[in-house]
Amino acid sequence: MERQTSSTATNGQLFITNMMSPLSGFHSMAEEKSFKYVISGADISAGYAAREFARQGLKHGELAIISNEPAPILIFQRTTYVVVLVELGKRVKAINGIELILSTEIIKADLSTKSFFSTGGTIFKYQTLIVATGSTCVRLSECGFQDTNAKNIFYLRDIKDVDQLALTMETKKKRTVVVIGGGYRGFEVSASLTVNNYEVTMVFPEPWIMHWLFSAEIASFYEGYYANKGIKIIKSTKATGFSTNSNGEVTEVKLDDGRTLEADVVLLDGGGRPMTSLFRGQVVEEKGGLKTDGFFKTSVSNVYAIGDVATFPMKLYGDMRRVEHVNHAFKSAEHAVKAIKAAEEGRSIQEYDYLPFYNSRAFDLSWQFYGDNVGQSVLFGDNDPKSPKAKFGTYWVKDGKVVGAFLEGGVEEENKAIARVARTQPSVGSLEVLSNVGELLIGSRVNRNRTIILDGRHTSTESREVVMAQRITTLVMLIEILFLVNYVSQIATTAADSDGDVIHVAGKVMCQDCTRNYDKWINGSEPIKGAVVSITCMDERERVRYYGSDKTDERGQFDLIVDKVLYGGKNLKPKLCTVRLVSSPDKSCDIPTDFGNGQSGVKLVQPFMVFKDLVKFVVGPFYYTTPMCETPKYENNY
């Protein structure tokens, strides 16, 4: 009997519909292959899942990876992105005889019979299925573009596209590239092309680059930095179509404001869409992906989804989310396989508890983000794009807690520190200035052409902005004191809650000059390096049980860590400990003041930050001042 089918192409995918009863007559002439585990798709998560299966123990021929891609599973290397590809698949193939079934189009998935049907007539049977199909690109034709069939327009979503791009760039004499989109791919590809001496223009409809993640303040740095590197950035503008030459090659990009951009090559960063159509109607979907539980199990027994296609419970925030990032691809694949093996062995494991993470390296920059970018953002550090070595960050505060953290130029310890902050979500409600974060930041953005009144005096726009900048600087200083990014990661891992094993105190020592005006006095402090701060702990009978000290670093920060349990088993009580100034090495600023009780001493009565596994005290800042500001002391002559 002849099998009659009709085929249509939609979004770059092939769908074949049987004109008879579903696939009738197919079984009698089809080759059948059976596997204990099948991974469907060539998303990077597929490779990580295969690796975890091998680690857990895998017999020869138990696992197959079925992919429409013509080559082994590939990982994009972020440093060069367009050119360098690592063939992870070859390595996976050699492990325990995992079967790679490539260039194979699956036309139907029947989850009720645990069967896949290919265009070649083969039926693949499985006991457990992992969906790792990843995402496909949003095509220009779906966005109303004109002339979408022009040559030299690339999406960078599959191997063929990347290979064709590399060939085109080798043969092109001109080196003018337009990148449409200001997302992850556009951000990184533009930098890579510029390093390789291409003239790059970015155009996107959003008001700033990486709009889905960056705050406006963060974006302003990267836009300025990219501009200094020669990249042209056109924001809040849509590309609408293309002009071509007689060979059908793209020559121009048309913009919605009537302008045109010269282009020899166009790269698209239009976002992605999870490839779930094969399973539609058989698996519960949510937010564009296949809905899973905390072990990546879908609504269908023995069917799991990982990576881009999984919409999973974000335990940290109590909602369902879908994440597109290599970090999640790796971790979700690993967790799903561990859950599968544990179920087979009658064991249980913890639910997936993912901390959202994004990162990038472009030019000589390197940033990391952890957590959630919701609530009020608070910028700290130097985000001037002209700085020789810019270093800055941002915290996001919502409902009195820090929920997200970003850092550019951080070292490993600092990046671990912001991850810890985002994970533990410390409360910052006790820091009074945080209640006015919104007012401070909004106040710095009001109409710059207005003359305003500060402290009863008319103030020029320039003076007003200086004052506002100083207030923001004060806020930043307090935020830095609160979190002490450089030190959080150094805290002993045994330090837990109030019954932990250590007392941990941190703060800053600054220099103030009383000869300055009020604003300079409040906002113009400078850190003192090498200042000594002590901690003295007593017992209930007011006997000294412990004394220790620490010197401040170049930022004026000190960090005191004291073992709670003394020799003999005696416990120190934080409320009986006092922290105070001892000395300043700066002879021009060595007069102690009692601002923040630095001279009289601070009792450790209430923790300033409470983590799940750490209680930390933050004191100060403490201040020294100049000798000419010292209060005269009169002798008693009576």
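Please read these numbers as outputs of a predicted model, since none were measured by experiment.

What should I look at first to understand the confidence of the model for the chain in this one?
Low-confidence regions, as indicated by low pLDDT, have predicted coordinates that should not be scrutinised in detail. The predicted model of the chain has a mean per-residue pLDDT of 77, with 72% of residues at 70 or higher. pLDDT under 50 marks residues 1-26. Its contacts with residues more than four places away, or in other chains, come to 45 contacts. Counting contacts from residues 430-498, a segment whose pLDDT is below 50, to residues more than four positions away or on other chains yields 114 contacts.

Honestly, the environment of Glu-334 in this entry has me stumped. Any pointers?
Within the secondary structure, Glu-334 is located in helix α7 (residues 326-344). Taking the C-alpha atoms as reference, Glu-334 lies 6.7 Å from Tyr-48; in sequence the two are 286 residues apart. Residues in contact with Glu-334, not counting those within four places in the same chain, are Glu-52 and Arg-55.

I'm lost on the sheet that holds strand β26 (residues 357-362) in this one. Help?
Strands belonging to one sheet form pairs held by backbone hydrogen bonds; the direction of such a pair is parallel or antiparallel. Ordered in space as β26-β27-β30-β29-β28, the 5 strands form an open sheet in which the pairing is antiparallel. Each having just a single partner strand, β26 and β28 (376-382) make up the two edges of the open sheet. Mean inter-strand twist for the sheet, computed between neighbouring axes without regard to direction, equals 15 degrees. Its contacts with the sheet put helix α6 (residues 216-228) on β26, β27 (365-371), β28, β29 (391-398) and β30 (401-408), and the angle it makes with β29 is roughly 155 degrees.

Hey, could you run me through the side chain of Asp-110 in this one?
Along the chain, the position of Asp-110 falls in strand β8 (residues 106-110). Of the side chains with opposite charge, Lys-108 lies nearest to the buried Asp-110, which makes no salt bridge, at 5.3 Å. A distance of 2.5 Å separates polar atoms of two side chains, one belonging to Asp-110 and the other to Ser-112. Ignoring anything within four residues of it in the chain, the contact list for Asp-110 reads Ser-115, Phe-117 and Gln-282.

Mind showing me how you'd approach the state of the cysteines here?
Per the stated rule, a full pass over the model turns up 2 disulfides. Disulfide pairing is shown between Cys-537 and Cys-577; the S-S distance is 2.1 Å. One disulfide, between Cys-537 and Cys-577, carries an S-S torsion of 110 degrees and so falls in the right-handed class. Pair noted here: Cys-537 is in strand β35 (residues 532-538) and Cys-577 is in strand β38 (residues 577-583), with a separation of 40 residues, a long-range link. Taking the relative accessible area as the measure of exposure, Cys-577 reaches 0% and is therefore buried.

Teacher, can you tell me more about a nonpolar patch on the surface here?
Together, Val-544, Tyr-547 and Val-582 give the surface a local cluster of nonpolar side chains, amounting to about 290 Å² of exposed area. With respect to the helices and strands, the residue Tyr-547 is situated in strand β36 (residues 544-551).

Please clarify how α6 should be interpreted in this entry.
In an α-helix there are 3.6 residues to a turn, and that puts residues three or four apart on one side. In this model, α6 (13 residues) spans 18 Å end to end at C-alpha, consistent with the 18 Å of a helix rising 1.5 Å per residue. What α6 keeps buried is the set Ile-218, Ala-219, Phe-221, Tyr-222, Glu-223, Gly-224, Tyr-225 and Tyr-226. Positioned one or two residues after α6, Gly-230 has a phi angle of 100 degrees, which is positive.

I tried to follow the nonpolar core on my own but got confused; where do I start?
Among the nonpolar cores identified, the biggest contains 105 residues, and Phe-116, Phe-214, Tyr-222 and Trp-367 are the most heavily contacted of them. The contacts of Trp-367, once residues within four sequence positions are left out, are Tyr-184, Phe-187, Met-210, Leu-213, Phe-214, Tyr-222, Tyr-358, Asn-359, Ser-360, Phe-406, Leu-407 and Glu-408. One finds Cys-511, Ile-535, Val-562 and Phe-617 within the second-largest nonpolar core, a separate group that totals 24 residues.

Is there a simple way to explain the packing of helix α2 (residues 44-56) against α7 in this structure?
The geometry of a pair of packed helices is captured by two quantities: the angle between their axes and the separation between those axes. Two elements in contact, α2 and α7, have axes separated by 8 Å at closest approach and are oriented at 40 degrees. α7 is crossed by α2, and the crossing has right-handed handedness. Residues Ile-44, Ser-45, Tyr-48, Ala-49, Arg-51, Glu-52, Phe-53, Arg-55 and Gln-56 of α2 pack against Val-326, Ala-329, Phe-330, Ala-333, Glu-334, Val-337, Lys-338, Ile-340 and Lys-341 of α7. Of the residues that constitute the contact of α2 with α7, the class distribution is 10 nonpolar, 2 polar and 6 charged.

Parameters at a glance
- Residues numbered from 1 in each chain as written.
- Predicted model: local features only at pLDDT ≥ 70, side-chain atom pairs only at ≥ 80, totals over all residues.
- Heavy atoms only, no water.
- pLDDT = per-residue confidence, 0-100.
- Contact = heavy atoms within 4.5 Å.
- Helix = DSSP H or I, 4+ residues; strand = E, 2+ residues; numbered from the N terminus.
- Pairing = 2+ DSSP bridges.
- Axes fitted to C-alpha atoms, helices over the stretch in contact; angles between N-to-C directions.
- Buried < 20%, exposed > 50% of the residue type's maximum accessible area, 1.4 Å probe, protein only.
- Lys, Arg positive; Asp, Glu negative; His and termini not counted.
- Salt bridge = Lys/Arg side-chain N within 4 Å of Asp/Glu carboxyl O.
- Polar contact = N/O pair within 3.5 Å; in protein donor to acceptor, adjacent residues only side chain to side chain.
- Disulfide = S-S within 2.5 Å.
- Patch = residues over 30% accessible without salt bridge, like charges linked within 9 Å, V, L, I, M, F, W, Y side chains within 5 Å.
- Areas by Shrake-Rupley, 256 points an atom, 1.4 Å probe, with all protein chains shown as cover.
- Expected span 1.5 Å × (residues − 1).
- Core = buried A, V, L, I, M, F, W, Y, C linked by side-chain atoms within 4.5 Å.
- Left-handed = near helix turned anticlockwise from the far one by under 90°.
- Nonpolar A, V, L, I, M, F, W, Y, C, P; charged D, E, K, R; others polar.

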